[in-house]
Amino acid sequence: MAARQLWAFLTDRDVEELIAKIAAREPGLVVSQGRYLRGDPRMLLEDPAKLERRESLPGERRIYLLHRKHCSEIVAHVQPAGPFEGWAQIDEDRTDCLVLRLKATPPGELEPARLYAQVTFWRAADKVRKRPMFSIWASQTLKWADALLPRTATKFIHIGPDARAKAKAGELKLTYLYRPITDQS
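Residues numbered from 1 in each chain as written. Predicted model: local features only at pLDDT ≥ 70, side-chain atom pairs only at ≥ 80, totals over all residues. Heavy atoms only, no water.

## Looking at the sheet that holds strand 4 (residues 52-54)
For step 1, the next point in the chain: Here 4 strands make up an open sheet; going across it, the order is 4-3-7-6 and the pairing antiparallel. Of all strands in the sheet, those bounded by a partner on one side alone are strand 4 and strand 6 (76-78). For this sheet, the mean angle separating the axes of adjacent strands, direction not counted, is 30 degrees.
For step 2, the next point in the chain: Relative to strand 4, strand 3 (residues 36-38) runs antiparallel, the two sharing 3 bridges. Looking at the pairing, Tyr36 lines up with Arg54 of strand 4. (Pairing = 2+ DSSP bridges. Helix = DSSP H or I, 4+ residues; strand = E, 2+ residues; numbered from the N terminus. Axes fitted to C-alpha atoms, helices over the stretch in contact; angles between N-to-C directions.)

Structure below.
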């Protein structure tokens, strides 16, 4: 489980706007999609478009948010066998990144996305803290997003403006763990 996280109902438009607002807070944000990659993992910070990317599961997508100033550790493990043989998997525990995980849903439904970051990881029997520059940036970004996005009737789940408008208009059904969620306003 992530040390820092935020749950929010986000449409594609909300995702684009949230990422743009995070990028506007401080220049240097790099956005990359897909858990598996082919190429030099350092390219995630320099030019992720040069990497070949794939998602790990058909029902979800992951967007990685890395910051050139605050993220320095990028760890990826080459897969020796299986459907991703030869591809490298991003180690979310050890890589300095925020991850936005979005679940695929049927048309007219929306499940909450999860924005999270690992600020510690286990190495053998020792719990290792990541660099303070990354931990502070990740925590401040998540606190900022927490203040930016209003909450639903389920207090720990936020909602983006487009998702809220579509839910109020009856165009979207918000669900969490197969149960309907209402917007509190």
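Now that the structure has been shown, we can carry on.
## Here's the deal with the pattern of salt bridges
Two side chains of opposite charge can pair, provided their charged atoms sit close to one another.
For step 1, the next point in the chain: One pass over the full model with this rule turns up 14 salt bridges.
For step 2, the next point in the chain: Note that Arg13 is salt-bridged to Glu17, the shortest N-O span being 3.2 Å. Of this pair, Arg13 and Glu17 both sit in helix 1 (residues 12-25), 4 residues apart, which is roughly one turn of that helix.
For step 3, the next point in the chain: In this structure, Glu92 and Arg62 form a salt bridge, with 2.6 Å as the shortest nitrogen-oxygen distance. A residue pair is termed long-range when its members are at least 10 positions apart, and Glu92 in the loop between strand 7 (88-90) and strand 8 (98-103) and Arg62 in strand 5 (residues 60-67) qualify at 30 residues.
For step 4, the next point in the chain: Here Glu92 falls in the buried class, since its relative accessible area comes to 9%. (Salt bridge = Lys/Arg side-chain N within 4 Å of Asp/Glu carboxyl O. Buried < 20%, exposed > 50% of the residue type's maximum accessible area, 1.4 Å probe, protein only.)

## Description of the nonpolar core
Side chains of a nonpolar character, in soluble globular proteins, are inclined to be buried together.
For step 1, the next point in the chain: Ranked by size, the top nonpolar core spans 36 residues in total, and within it Leu10, Leu65, Leu66, Leu98 and Leu100 carry the most contacts.
For step 2, the next point in the chain: At the level of elements, strand 1 (4-9), helix 1, helix 2 (43-46), strand 5, strand 7, strand 8, strand 10 (113-117) and helix 3 (132-148) are the ones that each hand at least two residues to this core.
For step 3, the next point in the chain: Per-element tally for this core: the top contributor is helix 3, with 5 residues.
For step 4, the next point in the chain: Apart from residues no more than four positions distant in its own chain, Leu98 is found in contact with Ile63, Tyr64, Leu65, Leu115, Tyr116, Ala117, Phe134, Trp137, Ala138, Thr141 and Leu142.
For step 5, the next point in the chain: Leu110, Ile157, Ile159 and Leu172 belong to the second-largest nonpolar core, a separate cluster that totals 9 residues. (Core = buried A, V, L, I, M, F, W, Y, C linked by side-chain atoms within 4.5 Å. Contact = heavy atoms within 4.5 Å.)

## Details of the packing of helix 1 against helix 4 (residues 161-168)
When two helices pack together, you describe them by how their axes are tilted relative to each other and by the distance separating the axes.
For step 1, the next point in the chain: At a closest axis distance of 7 Å, the pairing of helix 1 and helix 4 adopts a crossing angle of 155 degrees. Taken as axis vectors, helix 1 and helix 4 run roughly antiparallel relative to one another. In this structure, helix 1 uses Arg13, Asp14 and Glu17 to contact helix 4, whose residues at the interface are Pro161, Asp162 and Ala163.
For step 2, the next point in the chain: Here the residues of the contact of helix 1 with helix 4 are counted per class, giving 2 nonpolar, no polar and 4 charged. (Parallel < 35°, antiparallel > 145°, perpendicular 65-115°, else oblique. Nonpolar A, V, L, I, M, F, W, Y, C, P; charged D, E, K, R; others polar.)

## Brief notes about the side chain of Glu60
For step 1, the next point in the chain: Relative to the helices and strands, Glu60 is located in strand 5.
For step 2, the next point in the chain: If we ignore the near neighbours within four places in the chain, the residues touching Glu60 are Glu55, Arg101, Leu102, Lys103 and Ala104.

## Here's the deal with the packing of helix 1 against helix 3
For step 1, the next point in the chain: Where helix 1 meets helix 3, the closest approach of the two axes is 11 Å, and the angle between their N-to-C directions is 130 degrees. Between helix 1 and helix 3, the angle is such that the two are oblique. Considering how the two elements wind past one another, helix 1 and helix 3 form a crossing that is right-handed. Contacts between helix 1 and helix 3 involve Leu18, Lys21, Ile22 and Arg25 from the first element and Gln140, Thr141, Trp144 and Leu148 from the second.
For step 2, the next point in the chain: Among the residues making up the contact of helix 1 with helix 3, the classes are represented as 4 nonpolar, 2 polar and 2 charged. (Left-handed = near helix turned anticlockwise from the far one by under 90°.)

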